[in-house]
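Read off the chains here:
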Amino acid sequence: MDVSIKGIVDDDIQITKVVSGKIKKPMSWVASSFDSFGSLLQSDQSTPVSKSVSTQPLFSGKKIPPAGCSSFARQILPSSVRKRPRETDQRSVPQGPFQTKSSIKTAQSSDLLSERYRPNSKNDLAVHKKKVEEISDWLNKCSVQYAKSRVSAPILLLTGPPGAGKTACVRVLCREKGWDIQEWSGTSDQAADQWVSSETRTERSEVDTYQSQSQSAVFHNFLLRANKYQALDLTGPTSGSKNGPLSASRQAIDEKTVIVVEEMPNIFYRDSSQFHDIIRKYKRCGKCPLIFIVSDSNNNSSGIQRLFPKDLMHQLQIDSISMNPVAPTMLVKLLTKIASAESGKFPSPSASVIETIAVSSGGDIRSALNTLQFACGRDTLDLKALCAVPAKPQLKKHGSSSSSGARLKYGSLRRIDSGDKSPNGDSGLTLGLKDKAIFLFQSVGKVLHFKRGNPLEHQSSPCLPKHLEHFDRDPLLVDPEEVAFKSQLSSDYLTSFLHENYVEFLSTVEDLERAAQYFSDADSLSALWTAREQLQSYSVSVAMRGYIHSNSDLTRHDSPRKNHGWLPLHKSRWFSASKQASENVMSARQLFKGYHWEPEVLCTEILPFLNLSNPTLHDPGQIRFVQEMTTFSRSTHLSKTHLERLNEKDVLDDIQEEESIIQMKSVTKDDTEIEETNVFGSQSKIKVLQTEENSSDDNVQIEEFEDEDDDFGEFLFT
Amino acid sequence: MSLWVDKYRPTTLGKLDYHKDQAAHLRKLVEGGDFPHLLVYGPSGAGKKTRIMCTLRELYGPGVEKLRIEQSQFTTPSNKKLDISTISSNYHIEVNPSDVGHNDRVVIQELIKNVAQVNQLDTSTQKNFKVVVLTEVDRLSKEAQHALRRTMEKYMATCRLILCCNSTSKVIPAIRSRCLGLRVAAPSVDEICQILTSVCKKEGLTLPREMAEKVAEKSGRNLRRALLMCEACRVQQYPFNPEREVSEPDWEVYLRETATMIAQQQSPKRLLEVRGRLYELLTHCIPPDVIMKGLLRELVQVCDGQMKPEVVQNAAYYEHRLQQGQKAIYHLEAFVAKFMAIYKRFLEEGIADIF
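For clarity, every value in this text was computed on a predicted model and none was experimentally measured. (Residues numbered from 1 in each chain as written. Chains lettered and ligands numbered in written order. Predicted model: local features only at pLDDT ≥ 70, side-chain atom pairs only at ≥ 80, totals over all residues. Heavy atoms only, no water.)

Visitor: Before we go on, may I ask you to explain the overall build of chain A in this structure?
Guide: In terms of helices and strands, chain A carries 32 helices and 8 strands. Every one of the 718 residues in chain A was classed for burial, and the buried ones make up 54%. Considering only intrachain contacts with a sequence separation of at least 6, the fraction spanning at least 24 residues in chain A is 77%. Looking at chain A as shown, the accessible area adds up to about 32,300 Å², and 55% of this sits on carbon and sulfur atoms. (Helix = DSSP H or I, 4+ residues; strand = E, 2+ residues; numbered from the N terminus. Buried < 20%, exposed > 50% of the residue type's maximum accessible area, 1.4 Å probe, protein only. Contact = heavy atoms within 4.5 Å. Areas by Shrake-Rupley, 256 points an atom, 1.4 Å probe, with all protein chains shown as cover.)

In structure tokens, the structure reads:
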């Protein structure tokens, strides 16, 4: 028997276990024993050859069933496609015709720490209280709305990084309020399976017909049938609800259903209009609250932008709550609690190990728990040493850890590491360290609010000769290249955002001159398209370091910060401006076809003089266009309408990205034009409000921004 | 109602008002039966297009004036659809490939191939080649120019190219050497005055001599602009009053205001305001090099004698960058910042000298 284990450390720790060899046979034959997959596992663990004893609790996520056991595959596959094991709510999701499924799940879920310590009450939640309240308020509002009028169903979009406790939060709150959860989770065939089994309880042939349906149709059915279900039950009583207390009470019971949708059918990522139609339809005739839970990420892969464009959110009054990563202090508390509860099974790890795990998880509870389990399990105790050794000195350096009240920061470890240049500094942290990506807002902010360190603490760099002394700067604490890398943006794009915002951070014209020069350099560096791909990273580096070096206010680590106040960051106007310009040229040529001038002549000579001489233009469109093209906004102060505020969670707009890609002349890029959208996370709203409140003491604000680095959770509520 | 510029455009080589000897050369060229590829260059408003159309008429007769506007579609290798409008007669096709931006290479290759693959139907009475007129060749990307050079040779048998641009400096030498260069110089102030007067006479108006001179002066020896200005003046006030200011395009006024703003104050805040205005100009389709030129023209006027070379040198430097780079705003802004720094230093020195 050979058992190979492959660990994939990404969002969750997913252990893919490929079972092959001898085990294949008994499984395919003894179908009746499948009611407990766990016991089967245990039985194979009992064989002396097996090395998988310790990994057994880790058994989670993807499983590849052995080939040749078709009935087994049928059962496992639906859950195998799921991203993470999720305890099915026994009340809402009725058991399938095959009892094996639920038993398999319980076998897995009790093994995983993250499943076993699933929060049961509000107090168990590691999510920040205010966020919990926010969601709870929304649910309350729903029930109030519900009682008053049943015009349209409230819809909530809950976003947040993976493992922030979104689902747990909703579950706990719903349970406490006595709401029933109808959950869409996983892929279509599973849902169809569930649905059929719950609704019609027919035999396999029915299931097959459902599986042949498109994902979107299944999703549509799920939503609308759930709704119809409600409607059928409700329309009867509603007519008589005024008089009959019985029907009223019945209604009250029926009301308490929430539909939770996670893991959207992936067809919608390609064609979001289908999804929009379904949502619109639901909004029109749906009754019960609908919650979408979507993990956000800083590229468009999660598709929030596409699935929930701003206009749709507005049109359908979709509320949006965005969660933050769990604060490290909370996470440490939680991990300590769980570790002590589990102390019987494995020796509880030291405080420093827990801190390392908490910090490296980047605010992802699930990942932290998985790491804890993995690192401290019986057989993997040797990992503990690996984990603890590099961690200890680092944390001590960082303000003697949490006991003294200093805040833990997610970003702190990496930075000190890179400062120390220790060859295996990262090695301990690779255990469960998430590859953290940062949002555009943060990356621009990090460079603009750069910090310098005390030169005494760092390796002394070679001194500059006398005549260059004015170029001497204290060592940087930010690594611009790392920021650029983590932002995962094209350097072109990042540079243009920096360019849009750098001016306000400089105070003298000399600094401006130099910084502007560097931006010009950066652009001409990446001018040659043949070498652009190689040079782009240098170009953004030149721009960032150029700005940082030109900022003569902050040459020393202790140089006083100028009282800038809160400076909002803006979106780069270049892309929209150039788009607008090309549109104008197009329409100019379209409207004045008869004149057949070159666009330059048309725009610089013909149109202005047409406006002056005002001859009878043939069509009103031409007149309007000429007027439009010849009026310039003359307001001396910056008109706010021109500047689009950059929000925290804004991601790259596809259309802009595309432009920069097209400019690179790289072929093979299909042009899916997506409207420019941005997310107005509730988080950024809070932030703006806060800054307005704090405008009296701006310095504090600035400090906070700089300290904030990665943990928004801490910042927002301190 | 068409503009005077269109209305009184000469249609034959014989009717041209200036550079008559050049017209005679062109006629001889056409009479020879064949002619090489042409590269017509010269400043804006000098009459390049007029001359090209006259030559075509000389070649093919009045049939060339029956123009039609067509939309052609091309597909790039990356499956992007490009729409471009072409103006064509039975004998020639005119296209401005720079309309499609950096995809111009595809247009150049496909279009010329399409045209050149079909021979002239009636070679006995007509020339056995067609003409492709490409405008704004200096705005073509380098790739497109290289594509052009191969295409030019390949289809020499069935088509001739007439390239039209403002300056040959942006045309690669390989293309320059394959064409007969033909420079159309800007008309002199006197010539413009004559034309203005004759046009006004045809319109039944009397144009005072001083007024004509003033317009010609103001137009910067750009005939098209002179005619447009004259027409605008006519609309605003008639009879012409030489005392009155000749009105200018709005964007020039706007640009001048921007330059004044730069000279007034040198601070980061002002730079932001200027940036807003630059964006405004860019969105109104004013080409960045025109903006740069306009800014320099205005800014040099406020400069002291010693400062001028430095400012102009920097302008040239950033204009060059502008051509190389992608994002014009970086370079425009860098120039503005540079000027601010130079000017501020100058002012501070001036104050130091006083005390």
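Visitor: In this structure, what is going on with the sheet that holds strand S6 (residues 257-262) of chain A? I would like to understand it.
Guide: Within a sheet, neighbouring strands are paired by backbone hydrogen bonds and run either parallel or antiparallel to one another. All names here are of chain A. Spatially, 5 strands are ordered S5-S6-S7-S4-S8 in an open sheet, and the strand pairing comes out parallel. Taken across any chain shown, the strands that pair with only one partner, and hence form the sheet edges, are strand S5 (180-184) and strand S8 (318-322). Strand-to-strand twist across the sheet, computed as the mean angle between neighbouring axes with direction ignored, equals 20°. Of the strand pairs in this sheet, strand S4 (residues 155-160) and strand S7 (residues 290-295) are connected by 6 bridges, and their pairing is parallel. (Pairing = 2+ DSSP bridges. Axes fitted to C-alpha atoms, helices over the stretch in contact; angles between N-to-C directions.)

Visitor: What am I meant to see in the pattern of salt bridges here?
Guide: Side chains bearing opposite charge may pair, as long as their charged atoms lie close to each other. Taken as a whole and assessed by the stated rule, the structure comprises 31 salt bridges over all chains. Its salt-bridge partner being B:Glu257, residue B:Arg277 comes within 3.2 Å of it at the nearest N-O pair. In this pair, B:Arg277 is assigned in helix H11 (residues 268-283) and B:Glu257 in helix H10 (residues 250-264), connecting sequence segments 20 residues apart. Residue B:Arg277 is classed as buried on the basis of its relative accessible area of 6%. Here the residues in one salt-bridge network are A:Glu500, A:Arg573, B:Arg275 and B:Glu333, joined through shared partners. (Salt bridge = Lys/Arg side-chain N within 4 Å of Asp/Glu carboxyl O.)

Visitor: How should the nonpolar core be read in this particular structure?
Guide: Nonpolar side chains in soluble globular proteins generally cluster together in the buried interior. In this structure, A:Tyr502, A:Tyr547, B:Ile291, B:Leu295 and B:Phe335 are the most contacted members of the largest nonpolar core, which totals 77 residues. Here this core takes 13 residues from helix H14 (residues 328-354) of chain B, the largest share from any one element. Beyond its immediate chain neighbours, meaning those up to four positions away, A:Tyr547 contacts A:Val447, A:Leu448, A:Phe450, A:Tyr502, A:Phe505, A:Leu506, A:Ala515 and A:Val542. (Core = buried A, V, L, I, M, F, W, Y, C linked by side-chain atoms within 4.5 Å.)

Visitor: Is there a simple way to think about the interface of chain A and chain B in this case?
Guide: One frequent convention defines the size of an interface as the accessible area lost when the parts assemble. Between chain A and chain B, the contact holds 74 residues from the first and 78 residues from the second. Regarding the contact of chain A and chain B, the summed buried area is about 6,900 Å², with carbon and sulfur atoms giving 59% of it. Of all residues in chain A, A:Trp574, A:Phe609 and A:Phe632 bury the most surface against chain B, accounting for 11% of the area lost on that side. One salt bridge connects A:Asp492 with B:Lys327, and the closest N-O pair in it is separated by 2.6 Å. Linking chain A to chain B there are 22 residue pairs in polar contact (both at pLDDT 80 or more). Listed by contribution, the elements that provide at least two residues to the side of chain A that touches chain B are helix H23 (491-501), helix H24 (509-525), helix H26 (574-591), helix H27 (599-613), helix H28 (620-630) and helix H29 (654-663) of chain A. Of all the elements, H27(A) adds the most residues to the side of chain A that touches chain B, at 13 residues. When grouped by side-chain class, the residues that make up the side of chain A that touches chain B number 30 nonpolar, 26 polar and 18 charged. (Buried area = accessible area lost by both parts, 1.4 Å probe. Polar contact = N/O pair within 3.5 Å; in protein donor to acceptor, adjacent residues only side chain to side chain. Nonpolar A, V, L, I, M, F, W, Y, C, P; charged D, E, K, R; others polar.)

Visitor: Explain the packing of H11(B) against helix H12 (residues 288-302) of chain B to me, please; I cannot follow it from the model alone.
Guide: Packed helices, taken two at a time, are described by the angle their axes make and the gap between the axes. All names here are of chain B. Two elements in contact, H11 and H12, have axes separated by 10 Å at closest approach and are oriented at 130°. By the angle between their directions, the pair H11 and H12 is classed as oblique. As H11 runs across H12, the sense of the crossing is right-handed. Mapping the contact onto sequence places Leu 278, Leu 281 and Leu 282 in H11 and Pro 288, Ile 291 and Leu 295 in H12. For the contact of H11 with H12, a count of residues per class yields 6 nonpolar, no polar and no charged. (Parallel < 35°, antiparallel > 145°, perpendicular 65-115°, else oblique. Left-handed = near helix turned anticlockwise from the far one by under 90°.)

Visitor: Which parts of the structure should I look at to understand the pairing of strand S5 (residues 130-134) of chain B?
Guide: The side chains of a regular strand alternate, first on one face of the sheet and then on the other. All names here are of chain B. With 5 of its 5 residues buried, S5 lies for the most part within the structure. The alternating pattern of S5 places Lys 130, Val 132 and Leu 134 and Val 131 and Val 133 on opposite faces, both of which are buried. Sheet topology places strand S4 (residues 92-95) next to S5; 4 bridges connect them, and they run parallel. Within the sheet, the bridge partner assigned to Ile 93 lies in S5 and is Val 132. Pairing analysis gives 5 bridges linking S5 to strand S6 (residues 159-165), with the strands arranged parallel. Considered in S6, the bridge of Val 131 is made with Arg 160. Chirality of the crossover, the property in question, places the unit of S5, helix H5 (residues 142-154) and S6 among those that are right-handed. (Right-handed = clockwise from strand over helix to strand, strands pointing away.)

Visitor: Help me understand unusual backbone geometry, please; the structure alone is not making it clear to me.
Guide: Leaving glycine aside, a negative phi is the common case for residues, and trans is the common case for peptide bonds. Residue and element names in this part refer to chain B. Even without glycine at this site, His 19 takes up a positive phi of about 50°. Looking at where His 19 falls in the secondary structure, it is placed in the loop between helix H1 (4-7) and helix H2 (20-31). Despite not being glycine, Arg 221 has its phi angle at roughly 55°, a positive value. Looking at where Arg 221 falls in the secondary structure, it is placed in the loop between helix H8 (209-218) and helix H9 (223-236).

Visitor: Is there a simple way to explain the confidence of the model for chain A in this structure?
Guide: Residues and elements named next belong to chain A. Summary statistics for chain A give a mean pLDDT of 63 and a share of 50% for residues scoring 70 or more. This model gives residues 188-211 a pLDDT under 50, and the stretch forms 38 contacts once residues within four places in sequence are excluded. pLDDT under 50 marks residues 382-432. Its contacts with residues more than four places away, or in other chains, come to 85 contacts. (pLDDT = per-residue confidence, 0-100.)

Visitor: Could you clarify how one ought to interpret the side chain of A:Gln517 in this entry?
Guide: Along the polypeptide, A:Gln517 turns up in helix H24. Among the polar contacts listed, one links the side chain of A:Gln517 to the side chain of B:Tyr318, at a separation of 2.6 Å. The residues contacting A:Gln517, other than those within four sequence positions of it, are B:Tyr317, B:Tyr318, B:Arg321, B:Ala334 and B:Lys338.

Visitor: So what exactly am I meant to see when it comes to the packing of H27(A) against H28(A) here?
Guide: All names here are of chain A. Packing of H27 against H28 brings their axes to within 9 Å, and their N-to-C directions diverge by 115°. The angle between H27 and H28 places the two elements in the roughly perpendicular class. Relative to H28, the crossing made by H27 is left-handed. In contact with Cys 603, Leu 607, Pro 608 and Asn 611 of H27, H28 contributes Phe 625, Val 626, Gln 627, Met 629 and Thr 630. Considered class by class, the residues forming the contact of H27 with H28 number 6 nonpolar, 3 polar and no charged.

Visitor: Any chance you could explain the environment of B:Leu140 here in plain terms?
Guide: Residues and elements named next belong to chain B. Tracing the backbone shows Leu 140 in the loop between S5 and H5. Owing to a relative accessible area of 6%, Leu 140 belongs among the buried residues under this scheme. Remark: the alpha-carbon pair of Leu 140 and Ile 108, spanning 32 residues in sequence, is separated by 9.7 Å.

Visitor: Quick question: what am I supposed to make of the state of the cysteines here?
Guide: Working definition: the covalent bond between the sulfur atoms of two cysteines is a disulfide. Residue and element names in this part refer to chain B. Applying the stated criterion across every chain yields a total of 0 disulfides over all chains. Between Cys 165, a free cysteine, and Cys 164, which holds the nearest cysteine sulfur, the sulfur-to-sulfur gap is 6.8 Å. According to the relative accessible area criterion, Cys 165 is buried, its value standing at 2%. (Disulfide = S-S within 2.5 Å.)

Visitor: Mind showing me how you'd approach the pairing of S8(A) here?
Guide: Residue and element names in this part refer to chain A. Judged by how many residues are buried, S8 sits mostly within the fold: 4 of 5 residues are covered. In this structure, S4 lies alongside S8, joined through 5 bridges in parallel fashion. Of the residues in S8, the one forming a bridge with Leu 157 is Ser 320.

Visitor: Any chance you could explain the sheet that holds strand S1 (residues 38-41) of chain B here in plain terms?
Guide: Residues and elements named next belong to chain B. With respect to topology, 7 strands assemble into an open sheet ordered S2-S3-S4-S5-S6-S1-S7, the strand pairing being mixed. Taken across any chain shown, the strands that pair with only one partner, and hence form the sheet edges, are strand S2 (68-75) and strand S7 (180-183). Put simply, the sheet's adjacent strands are angled 25° from each other on average, direction ignored. Strands S2, strand S3 (81-88), S4, S5 and S6 of the sheet are contacted by helix H4 (residues 104-117), whose axis makes an angle of about 120° with S2.

Visitor: Please explain the packing of aromatic side chains as it appears in this structure.
Guide: In this description, an aromatic ring pair is defined by two values, namely the gap between the centres and the angle between the planes. Applying the stated criterion across every chain, the model contains 11 aromatic pairs over all chains. A centroid spacing of 4.6 Å and a plane angle of 35° characterise the contact between A:Tyr502 and A:Phe519, whose relative ring orientation is tilted. In this pair, A:Tyr502 is assigned in the loop between H23 and H24 and A:Phe519 in helix H24, connecting sequence segments 17 residues apart. For A:Phe519, a relative accessible area of 1% puts it in the buried group. Both rings, one in B:Tyr317 and one in B:Tyr318, keep their centres 5.0 Å apart while their planes meet at 80°; by these two values the pair is edge-to-face. (Phe/Tyr/Trp six-rings, centres within 6.5 Å; stacked < 30°, edge-to-face > 60°.)

Visitor: Teacher, can you tell me more about a nonpolar patch on the surface here?
Guide: Residues and elements named next belong to chain B. Taken together, the side chains of Ile 351, Ile 354 and Phe 355 make up a nonpolar region of the molecular surface, amounting to roughly 420 Å² of accessible area. Along the chain, the position of Phe 355 falls in the segment after H14. Accessibility expressed as a relative area gives 81% for Phe 355, which makes it exposed. (Patch = residues over 30% accessible without salt bridge, like charges linked within 9 Å, V, L, I, M, F, W, Y side chains within 5 Å.)

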